[in-house]
Amino acid sequence: MISAVPTETFSVETRQLDIEDSSRVPRAEWVLNSPDPPGLCHELLGSIKETVFPNRKKPSSSSKMKNPWRFAVASFLQGLFPILSWGKNYKVSTFKSDLMAGLTLASLSIPQSIGYASLAKLDPQYGLYTSVVPPLIYALMGSSRELAIGPVAVVSMLLSSMVQQIQDPMADPIAYRKLIFTVTFFAGTFQALFGIFRLGFLVDFLSHAAIVGFMAGAAIIIGLQQLKGLLGISHFTVKTDVVSVLESVVRSINSELSPLNFVLGCSFLIFLLFTRFLGRRNKNLFWLPAIAPLISVVLSTLIVFLTKADKHGVQIIKHIKRGLNQSSVHQLQFKGPHVGQAAKVGLVSAIIALTEAIAVGRSFASIRGYHLDGNQEMVAMGFMNVAGSLSSCYVATGSFSRTAVNVSSGCQTVVSNLVMAITVLLSLELLTRLLYFTPIAILASIILSALPGLIDINEAYNIWKVDKLDFLACIGAFLGVLFASVEIGLLAAVTISFGKILLKSIRPGIEELGRLPGTDIFCDISQYPMAIKTPAILIIRIDSSSMCFVNANFIRERILGLMKEEEDKMTENANGTVQALILDMSNMMNIDTSGIIALEELHRKLVSQGKEL
């Protein structure tokens, strides 16, 4: 029995060698005469098919033959509406968790939505509308279980800063509102197209470092703009750069400052930050910072109503339109001079909203151990914003702060968004009259209390330690948003990121390698000075995945330069000359004709000098 094992192994290996010898000729033909790759139309149709039928299971031949159309329709619907897949197994115990999470989420969303609407230069009810329709659509089409949908600070500020350059909201608020709805329609359309045609790479043009810098700059600008509500200033600049905002505050502080506004706003801001601190210190008090904004709204409204503070300089919201979302189909503008500008703002808003939502969704999906389909998310975001534009909503996306509250409250599925949307809907019907005396300073304090989460100093420091060029993109976005505008900040970040890619492509790293003592590992001698060079042999690694027309000549000249430097050192030390050059090209995935010619020239040069390659 023991001697039979090697005999059997030997016979198997012999048969394998015979098979390999017999297939060597056709295998060479496969390599030299490879089949043509699939065409563009085939790939495009396959991309759409994967979007419509994601993760589809192949049915048994019998079921497919019996009901082919039924299977196709079921797969299409489950791909478009993931709730049909997991909704079959939904339990009452799960609904209890989602119910509590949804109610907690609504208590935070109602005051935040009113505040973010004012940040977008819209009436308060439009923020509440945006917390109704988009979450309902996302609950049907989204793949994230935790993502909380609604208006967010950064997108609200982005819309107000870009759209008011086209239409002044003070001069003609109706035209401004129509333009906002049109921008929302374009944003949703772009998002849906990104998902259908697998164009998610466009979102990746904004690198992680650029987003960190952009968010920090936007948070500071948003915070400075809230000084208008906190100080009770009526005349405020429409510009978003920090210099213009500070100049406006200084000019107005002596003539328009309302001390009662300031005291009331700062008092509740301290309360909100204190509850936030308690919630972080004690995880069991997660509900406290979630309901603190609603408590602030209720208490401040009662204070103003009982003390008649609105007659002593405290600015209040006044009228909030009661009722359900109204149709805004007739308000969309697809004709006129501003359509192209609206499409441009919609594209920028779509990318920023997707970047924030997908980043938040993926982070919580990884914590809970499931995969988030990015393309499905884009399609869901697109459809919900298109539907929102038709029902008096502006651009909605996933909020990090509200998603964190949603998770802490025990949400299990996206049903918590449904509960939140229904609660906000009931509030629109029943509670809008009670918000008449809500002070604007409270809305400013609620927005200010949410901003610290957008500034991540630790992550910026980590980017600095890891990659200095990445940090340059981060600082470019930060300073651009802070001292110029949102568009300039984004453009600076994208330009620096592209410049980094081009720099690494045009001038890739060319490293001389040496062997680490006692190992067979070869490393860069500039990073590992203890590495030992091999006598008379120069080993060079090309740190690039591509050798093409933009870097081929640089690589060749750099290699020849390193060889000359090494020979000069060996001549000084009387150690002979370099006899062979070894190129480590294991990183190389692609080479074009320019790269091939550069290698041929390098080879001829070495042969003429009596050296091997």
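Above: the structure in question.
We now turn to the structure provided with this report.

Thresholds, definitions, all that
Residues numbered from 1 in each chain as written. Predicted model: local features only at pLDDT ≥ 70, side-chain atom pairs only at ≥ 80, totals over all residues. Heavy atoms only, no water. Helix = DSSP H or I, 4+ residues; strand = E, 2+ residues; numbered from the N terminus. Areas by Shrake-Rupley, 256 points an atom, 1.4 Å probe, with all protein chains shown as cover. Lys, Arg positive; Asp, Glu negative; His and termini not counted. Charge placed at Lys NZ, Arg CZ, Asp CG, Glu CD. Buried < 20%, exposed > 50% of the residue type's maximum accessible area, 1.4 Å probe, protein only. Salt bridge = Lys/Arg side-chain N within 4 Å of Asp/Glu carboxyl O. Polar contact = N/O pair within 3.5 Å; in protein donor to acceptor, adjacent residues only side chain to side chain. Contact = heavy atoms within 4.5 Å. Pairing = 2+ DSSP bridges. Axes fitted to C-alpha atoms, helices over the stretch in contact; angles between N-to-C directions. Core = buried A, V, L, I, M, F, W, Y, C linked by side-chain atoms within 4.5 Å. Expected span 1.5 Å × (residues − 1).

**Observations concerning the overall build of the chain**
Broken down by element type, the chain carries 26 helices and eight strands. Its C-alpha atoms give the chain principal-axis dimensions of about 95 × 75 × 55 Å. Of the roughly 31,500 Å² of accessible surface on the chain, 64% is carried by carbon and sulfur atoms. Taking the 51 positively charged and 44 negatively charged side chains of the chain as two groups, their mean positions are separated by 14 Å.

**Side note on the side chain of Arg402**
Here Arg402 lies in helix H19 (residues 400–408). Here Arg402 is buried and forms no salt bridge, its nearest opposite-charge partner Glu356 lying at an N-O distance of 8.0 Å. A distance of 2.8 Å separates polar atoms of two side chains, one belonging to Arg402 and the other to Gln112. Other than its neighbours up to four places away in sequence, Arg402 contacts Leu105, Leu108, Ser109, Gln112, Tyr116, Ala148, Ile149, Gly150, Pro151 and Val152.

**Let's talk about the sheet that holds strand S5 (residues 537–543)**
Strands sit in the order S4-S3-S5-S7 across an open sheet of four strands; the sheet is mixed. Looking at the sheet topology across the chains shown, the edges are occupied by strand S4 (522–524) and strand S7 (580–584). Between one strand axis and the next, the sheet turns by 35 degrees as a mean value, whatever way the strands run. On top of the sheet, helix H25 (residues 552–572) reaches strand S3 (509–515), S5 and S7; it is set at about 150 degrees to S5, its chief contact.

**Thoughts on the pattern of salt bridges**
This structure, assessed with the given rule, holds 10 salt bridges. One salt bridge connects Lys500 with Asp467, and the closest N-O pair in it is separated by 2.9 Å. Within this pair, whereas Lys500 is found in helix H24 (residues 486–506), its partner Asp467 is found in the loop between helix H22 (457–466) and helix H23 (468–483), the two being separated by 33 residues in sequence. Classification of Lys500 by relative accessible area gives buried; the value is 18%. With its nearest N and O atoms 2.2 Å apart, the salt bridge here joins Arg556 to Glu601. With a gap of 45 residues between them, Arg556 in helix H25 and Glu601 in helix H26 (residues 593–608) connect regions that are remote in the sequence. Overall, Arg556 belongs to the buried group, its relative accessible area being 15%. Three or more residues joined by partner-sharing salt bridges are found here, namely Asp467, Asp470 and Lys500.

**Points about the nonpolar core**
Side chains of nonpolar character tend, in soluble globular proteins, to be buried together. Residues Ile114, Tyr138, Leu159, Ile180, Phe214, Ile352 and Met381 are the most contacted members of the largest nonpolar core, which totals 112 residues. Broken down by element, the residue count for this core peaks at 13 residues, all from helix H17 (residues 339–368). For Ile114, the residues in contact, after removing those within four places along its chain, are Pro124, Leu128, Ile317, Ile320, Leu435 and Leu443. Counting residues in each nonpolar core, the second largest holds 18 residues, with Ala552, Met563, Met588 and Ala598 among its members.

**Looking at helix H15 (residues 259–281)**
Here H15 contains 23 residues, and its C-alpha end-to-end distance of 33 Å stays within 8% of the 33 Å for a straight helix at 1.5 Å per residue. Along H15, the residues classified as buried are Asn261, Leu264, Gly265, Cys266, Phe268, Leu269, Leu272, Thr275 and Gly279. Summarising the contacts, the buried residues of H15 are in contact with helix H13 (227–231), helix H16 (287–307) and helix H21 (440–450).

Treat this as a map of the structure, not an account of what it does.
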